[in-house]
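Letter by letter, the chains look like this.
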Amino acid sequence: MARQNQAEQMRSGKGFIAALDQSGGSTPKALKLYGVQEGAWSNDDEMFALIHQMRARIATSPAFTGERVIGAILFEKTMDGEIGGKPAAQFLWEERGVVPFLKIDKGLEDKADGVQLMKPIGGLDALLDRAVKAGIFGTKERSVIGAASASGIAAVVAQQFDLGRQVLAKGLVPIIEPEVTISIADKAEAEDILLAELKKQLDALPEGADVMLKLTLPTKANLYKPLIDHPRVMRVVALSGGYSRDEANALLAQNAGMIASFSRALTEGLSAKQDDAEFNRTLDATIQSIRDASVAG
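So, a few notes on the structure that sits alongside this text. Residue numbering note: each chain is counted from 1, following its sequence as written. A pLDDT threshold of at least 70 governs which residues receive local features in this predicted model, and a stricter bar of 80 or more applies before side-chain atom pairs are shown or counted, although totals over entire chains, interfaces and linings include all residues. Values reported for side chains reflect all heavy atoms of the structure, with hydrogen atoms and water molecules removed beforehand.

With 80 residues, the main nonpolar core has F64, L194, L213, L215, L227 and L266 as its most contacted residues. Considering every element that reaches this core, the biggest residue donor is helix α3 (residues 44–59), with seven residues. Discounting residues that sit within four places of it in the chain, F64 has contacts with A18, L20, I58, A59, V69, A72, L92, R96, V98 and I287. Here, the term nonpolar core denotes a set of buried Ala, Val, Leu, Ile, Met, Phe, Trp, Tyr and Cys residues that are joined through side-chain atoms within 4.5 Å. Classification of residues uses two cut-offs on accessible area relative to the type maximum, computed with a 1.4 Å probe and protein chains only: under 20% is buried, over 50% is exposed, and between them is partly exposed. In terms of nonpolar packing, the next biggest core, distinct from the first, is built from 15 residues, A19, I73, I175 and V237 among them. Numbering of helices and strands runs from the N terminus; a helix is a DSSP stretch of H or I covering at least four residues, while a strand is a stretch of E covering at least two. Any two residues whose heavy atoms approach within 4.5 Å are treated as being in contact.

Here's what the structure looks like:
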């Protein structure tokens, strides 16, 4: 019953997905933006403990509930930890009504043919089994597109859907994320190629094999409407991709049916130095602005 309720929330919930999945490479930057300088930790364990404190503070805030935050993407160490005295995924769903996802990719290969494919994911079956046991609803896996390369983009999408089928086989819902870099000169052309490749792969999925898509906010508003309407797509969500929160919200509001899945734009303005009252006020205003942009269409 829980999974049915979670699936319904993902399909039609009036809110957005919080991306709380900063990993090794992006954690120092996320902590610095939160007001925690690099000298505050002496090893990776201490660094990840600090980012877990930040994530737990967000997740336990009164502002962070399923009424506006319909899902949250967790880093593996977050899934393995506790929030509010409960296993993280269990806390999110049982205490906050927020559907839990897990980031499973292990970073990117070097750039080739205009793109960066995902590195191999060692121990994937075991990780997915642990995710199922922990109460995770779905996964997220990221690649990067840095040029309008037809062959490169086709390779990215093919790899994403190969991995997605492995996730589906475990009863989990994959969030497929082929990010288009926002600063490239041929961004619009890359997005047209990406749209065609995604449609091709979605059309080949069997009935019942539903996925989600996490995409860069497109240059052309409503470009991804055919994907939003596709019968194999549970939801299309947008990454902030380096835009400020205000920029990301404004672009998102132009794309009907697309909702946010922001990371840096979600934590913008939050600080370890804020007392709880100020932190919660700031987070509440942030969550409201992202929710409003997500339902604007």
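A separate point is the layout of surface pockets. The probe, sized like a water molecule, is rolled over the atoms to show the empty space still left. Taken as a whole, the largest pocket encloses approximately 780 Å³ of empty space. Going through the elements one at a time, α2 (27–33), β7 (138–145), β8 (173–180) and α11 (264–267) are the ones with two or more residues in the lining of the largest pocket. Sorting elements by how many residues they give to the lining of the largest pocket places α2 first, with three residues. Roughly 160 Å³ of internal volume is contained in the second largest pocket. In terms of lining, the second largest pocket is formed by 15 residues, of which the most central are A2, Q6, A134, G135 and I136. Where the lining of the second largest pocket is concerned, the elements lending two or more residues are α1 (2–12), α5 (88–96) and α6 (124–134). Element by element, the count of residues in the lining of the second largest pocket is highest for α5, at four residues. Site definitions follow a grid-based scheme: protein atoms alone, a 1 Å grid, a 1.4 Å probe that fits but cannot get out for cavities, and for pockets an open set with protein on both sides within 12 Å along at least five of seven lines, plus lining residues having an atom within 4 Å of a point. Grid points are joined across faces, edges and corners, and a volume is the space filled by probe spheres set on the points.

A side chain with one charge can pair with a side chain of the opposite charge if their charged atoms come near. By definition, a salt bridge exists where a carboxyl oxygen of Asp or Glu is found within 4 Å of a side-chain nitrogen of Lys or Arg. Considering all chains together, one arrives at 21 salt bridges under this definition. Residues K103 and D105 are paired through a salt bridge, measuring 3.0 Å at the closest nitrogen-oxygen approach. D105 gets classed as buried once you look at its relative accessible area, which sits at 6%. Ionic pairing is found between E191 and K187, a salt bridge with its closest N-O pair at 2.7 Å. Of the two residues, E191 and K187 are both situated in helix α8 (residues 187–203); the distance of four residues between them amounts to about one turn of the helix. Here E191 matches K187 in class, with each residue buried.

Further remarks concern unusual backbone geometry. Only a minority of non-glycine residues have a phi that is not negative, and only a minority of peptide bonds are not trans. Located in the positive-phi region is D113, a residue other than glycine, with phi close to 55 degrees. The residue D113 is located in the loop between β5 (99–103) and β6 (115–116) in this model. For D113, a relative accessible area of 44% corresponds to the partly exposed category. Positive phi values are uncommon outside glycine, yet N222 reaches one of about 65 degrees.

Time to look at the packing of aromatic side chains. Ring geometry is summarised as follows: Phe, Tyr and Trp rings, the Trp one being its six-membered ring, pair when their centres sit within 6.5 Å, and such pairs are stacked at plane angles under 30 degrees, edge-to-face over 60 and tilted between the two. In this structure the tally under the stated criterion is two aromatic pairs. Centre to centre, the rings of F101 and F137 are 5.6 Å apart; their planes meet at 80 degrees, and the pair counts as edge-to-face. Within this pair, whereas F101 is found in strand β5, its partner F137 is found in the loop between α6 and β7, the two being separated by 36 residues in sequence. Summarising the burial analysis for this pair, F101 and F137 share the class buried. Throughout this description, the term charge over a ring refers to an Arg CZ or Lys NZ atom that lies within 6 Å of the ring centre and within 35 degrees of the ring normal. Over the face of the ring belonging to F279 we find R57, whose NZ or CZ atom lies 4.0 Å from the ring centre.

This part covers the packing of helix α10 (residues 245–252) against helix α12 (residues 276–295). Running from N to C, α10 and α12 point in directions that differ by 25 degrees, and their axes come no closer than 8 Å. Considering the angle they form, α10 stands roughly parallel to α12. The crossing of α10 and α12 is left-handed. Here R245, N249 and L252 of α10 lie close against α12, whose contacting residues are T286, S289, I290, A293 and S294. Its residues assigned to classes, the contact of α10 with α12 comprises three nonpolar, four polar and one charged. For helices, the fitted line uses only the C-alpha atoms of the stretch in contact; every axis is such a line through C-alpha atoms, and the angle between N-to-C directions lies from 0 to 180 degrees. Orientation is classified from the angle alone, with under 35 degrees giving roughly parallel, over 145 giving roughly antiparallel, 65 to 115 giving roughly perpendicular, and any other angle giving oblique. Each crossing is labelled by how the near helix is turned from the far one, with a counterclockwise turn of less than a right angle marking it left-handed and a clockwise turn marking it right-handed. Under this grouping Gly is polar, as are all residues other than the nonpolar Ala, Val, Leu, Ile, Met, Phe, Trp, Tyr, Cys and Pro and the charged Asp, Glu, Lys and Arg.

Relative to the assigned elements, M1 resides in the segment before α1. Looking at M1, the relative accessible area reads 71%, which means it is exposed. Sequence-wise, M1 and E247 are 246 residues apart; in three dimensions their C-alpha atoms are separated by 38 Å.

Our next topic: the pairing of strand β10 (residues 233–239). In summary, the side chains of a regular strand alternate between the two faces of the sheet. Across the seven residues that make up β10, a large majority, seven, are buried. Strands were regarded as paired on the criterion that DSSP finds at least two bridges between them. As judged from the six bridges shared by strand β9 (residues 211–216) and β10, these two strands associate in the parallel manner. Note that in β10 the partner of T216 across the bridge is L239. Bridge analysis of β10 against strand β11 (residues 259–260) gives two bridges, and the strand direction is parallel. By the bridge assignment for β11, V237 is matched with I259.

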